[in-house]
Amino acid sequence: MSRINDQIKAQLKAKNAVLVAHYYVDGALQDLAEASGGIVSDSLEMARFGQNCEADIIVVAGVKFMGETAKILSPEKTVLVLDAGATCSLDQDCPIDAFSKFCDQHSDRVVVVYANTSAAVKARADWVVTSGSALNVVKHLKDQGKKILWAPDKHLGNYVQQQTHADMLIWQGSCIVHERFKADALANLKKHHPQAAVLVHPESPQSVVDLADVVGSTTALINAVKNRKEQTFIIATDNGIFHKMRAVAPHKTLIEAPTAGQGADCESCAHCEWMAMNTLENCLSTLTTGNNEIKIDAFINQKAKKSIQKLLDFTA
Ligand code: 13P
Ligand code: SF4
């Protein structure tokens, strides 16, 4: 165990703090989160864990919306993120003023937003969903005869619409990481590995999702590597996830889905620049200084909590 790991563990203990990490961050942070009594998980379980834990301080290794979700659910706790600049293109693509206007123009629709949004957008929504829960929530609303306004991820929205046949009006945001995957190059790679299963996160373009054997959240894709009988997997999501996949299935072969092809700037570069801002060094400095605290207006917090709580109750 390195010196910096020991220092972080000591700080966590002294401050009654817990480290909650996403599968896309540096493997050293993922390991430390687990070894220190925290968790590494998808965005839904990160939120649930933060709410249920006894700690006074939640340290989130991930991106801003994950820190905000933790704060919304536990306003009485202090929530710190490792780098205040670590955002998400989906969050950036959905500014509250334009979004609120869009909602006002379609007031006959139930507003369902992806967790990858600001606290203000969540507060404007009726429901918050994650990639692991979107299908079931939308099916449930469709069964109640509801029409849906979906934001911000157009690819996830299109996928959910195709699967559920719900009436969905879709905001046109996207994830800059998953949008890089190229269907032509993936189809070619598949020809070279005919026995491989293709695992795809639903933030990817439709043409890539169409080639998938499994479409699902980060947790669903890790479980697929662990539980499916294939020995080789081609994986279309942020390559930070390989750390956990290798840990749960050390003898299986994992191949990155290509980002090469027409319009590409690299062959295999699916790594979120904002997730990459999380390091052991800024984990230690955040804990030591208490910098990068998430603050949310109390009224927005209260409204956003209702829409997230609906999801947690629905998926309990
Ligand atoms: P998950 O909810 O599947 O962990 O996804 C979060 C995310 O940001 C994917 O890009
Ligand atoms: Fe946002 Fe995409 Fe990064 Fe996930 S991988 S945090 S959706 S930019």
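Residues numbered from 1 in each chain as written. Chains lettered and ligands numbered in written order. Predicted model: local features only at pLDDT ≥ 70, side-chain atom pairs only at ≥ 80, totals over all residues. Heavy atoms only, no water.

**Q** Quick question: what am I supposed to make of the nonpolar core here?
**A** In summary, soluble globular proteins display a tendency toward joint burial of nonpolar side chains. Counting 114 residues, the largest nonpolar core has Ile8, Leu19, Phe99, Trp150, Leu199 and Met245 as the members making the most contacts within it. For Leu199, the contacting residues outside a window of four places in its chain are Val214, Leu221, Ala224, Val225, Phe233, Ile234, Ile235, Ala236 and Met245. (Core = buried A, V, L, I, M, F, W, Y, C linked by side-chain atoms within 4.5 Å. Buried < 20%, exposed > 50% of the residue type's maximum accessible area, 1.4 Å probe, protein only. Contact = heavy atoms within 4.5 Å.)

**Q** Looking at this structure, I do not really get the packing of helix α4 (residues 64-73) against helix α15 (residues 298-314). What am I missing?
**A** Two packed helices can be described by the angle between their axes and the distance between those axes. Across the interface, α4 lies against α15 with an axial gap of 9 Å and an inter-helix angle of 95°. Judged by the inter-axis angle, α4 sits roughly perpendicular to α15. Mapping the contact onto sequence places Thr69, Lys71, Ile72 and Leu73 in α4 and Asn301, Ala304, Lys305, Ile308, Gln309 and Leu312 in α15. Along the lines of polarity and charge, the residues of the contact of α4 with α15 split into five nonpolar, three polar and two charged. (Axes fitted to C-alpha atoms, helices over the stretch in contact; angles between N-to-C directions. Helix = DSSP H or I, 4+ residues; strand = E, 2+ residues; numbered from the N terminus. Parallel < 35°, antiparallel > 145°, perpendicular 65-115°, else oblique. Nonpolar A, V, L, I, M, F, W, Y, C, P; charged D, E, K, R; others polar.)

**Q** In this structure, what is going on with the site of ligand 1? I would like to understand it.
**A** Taken together, His22, Tyr24, Asp42, Ser43, Asn116, Ser131, His178, His201, Glu203, Ser217 and Thr218 form the complete shell of residues around ligand 1. Measuring from an oxygen atom of ligand 1, one finds a side-chain N or O atom of Ser43 at 2.6 Å. One of the side-chain nitrogen or oxygen atoms of Asn116 is found 3.1 Å away from an oxygen atom of ligand 1. Within the complex, the protein chains bury 95% of what would otherwise be the 300 Å² of accessible surface of ligand 1. Judged by the proximity of its atoms to the pocket grid, ligand 1 belongs to the largest cavity. Classifying every residue of the shell around ligand 1 by side-chain character gives one nonpolar, eight polar and two charged. (Near = heavy atom within 4 Å. Polar contact = N/O pair within 3.5 Å; in protein donor to acceptor, adjacent residues only side chain to side chain. Areas by Shrake-Rupley, 256 points an atom, 1.4 Å probe, with all protein chains shown as cover. 1 Å grid on protein atoms, 1.4 Å probe; cavity = no way out; pocket = protein on both sides within 12 Å on 5 of 7 lines; lining within 4 Å. Sits in = over half its atoms within 2 Å of the grid points.)

**Q** Can you help me understand the sheet that holds strand β12 (residues 253-256) in this one?
**A** Each strand in a sheet pairs with its neighbour through backbone hydrogen bonds, running either in the same direction (parallel) or in the opposite one (antiparallel). An order of β10-β9-β11-β12 is seen for the four strands of this open sheet, with the pairing classed as parallel. Two strands lie at the open edges of the sheet, namely β10 (214-215) and β12, each paired on one side alone. Where strand β9 (residues 197-200) and strand β11 (residues 232-236) come together, four bridges link them in parallel fashion. Looking at the pairing, Ala197 lines up with Phe233 of β11. Strands β9, β11 and β12 of the sheet are contacted by helix α10 (residues 183-192), whose axis makes an angle of about 175° with β11. Strands in contact with helix α12 (residues 218-227) are β9, β10, β11 and β12; relative to β9, the strand with the most contacts, it is inclined by about 165°. (Pairing = 2+ DSSP bridges.)

**Q** Hey, could you run me through the packing of helix α8 (residues 134-143) against helix α9 (residues 154-164) in this one?
**A** With their axes 10 Å apart at the nearest point, α8 and α9 run at an angle of 50° to one another. For the element pair α8 / α9, the angle class is oblique. Read as a crossing pair, α8 and α9 show a hand that is right-handed. Side by side, α8 and α9 meet where Ala134, Leu135, Val138, Lys139 and Lys142 of the first sit next to Tyr159, Val160, Gln163 and Thr164 of the second. Here the residues of the contact of α8 with α9 are counted per class, giving five nonpolar, two polar and two charged. (Left-handed = near helix turned anticlockwise from the far one by under 90°.)

**Q** I'm lost on the packing of aromatic side chains in this one. Help?
**A** The description of two aromatic rings rests on the distance between their centres and on the angle between their planes. Evaluation of the coordinates by the stated rule reveals three aromatic pairs. With centroids separated by 5.6 Å and ring planes inclined at 85°, the aromatic side chains of Phe99 and Trp171 adopt a geometry described as edge-to-face. Here Phe99 is found in helix α6 (residues 96-105), whereas its partner Trp171 is found in the loop between β8 (168-170) and α10, with 72 residues between them in sequence. Under the relative-accessibility criterion, Phe99 is labelled buried at 0%. (Phe/Tyr/Trp six-rings, centres within 6.5 Å; stacked < 30°, edge-to-face > 60°.)

**Q** I'm lost on the sheet that holds strand β6 (residues 127-129) in this one. Help?
**A** Pairing is parallel in the open sheet, where four strands are placed in the order β6-β5-β7-β8. Because the sheet does not close on itself, it has two edges, and the strands there are β6 and β8. If you compare each strand with its neighbour and ignore which way they point, the axes differ by 25° on average. Here strand β5 (residues 110-114) pairs with strand β7 (residues 148-151) via four bridges, running parallel. Within β7, the position partnered with Val110 by the bridge is Ile148. Sheet contacts for α6: β5, β7 and β8; angle to β7, the most-contacted strand, approximately 165°.

**Q** Hey, could you run me through the environment of Gly62 in this one?
**A** Note that Gly62 resides in the loop between β3 (57-61) and α4. Judged by relative accessible area, which is 5%, Gly62 ranks as buried. Between the alpha carbons of Gly62 and Ala21 there is a distance of 6.1 Å; along the sequence they are 41 residues apart.

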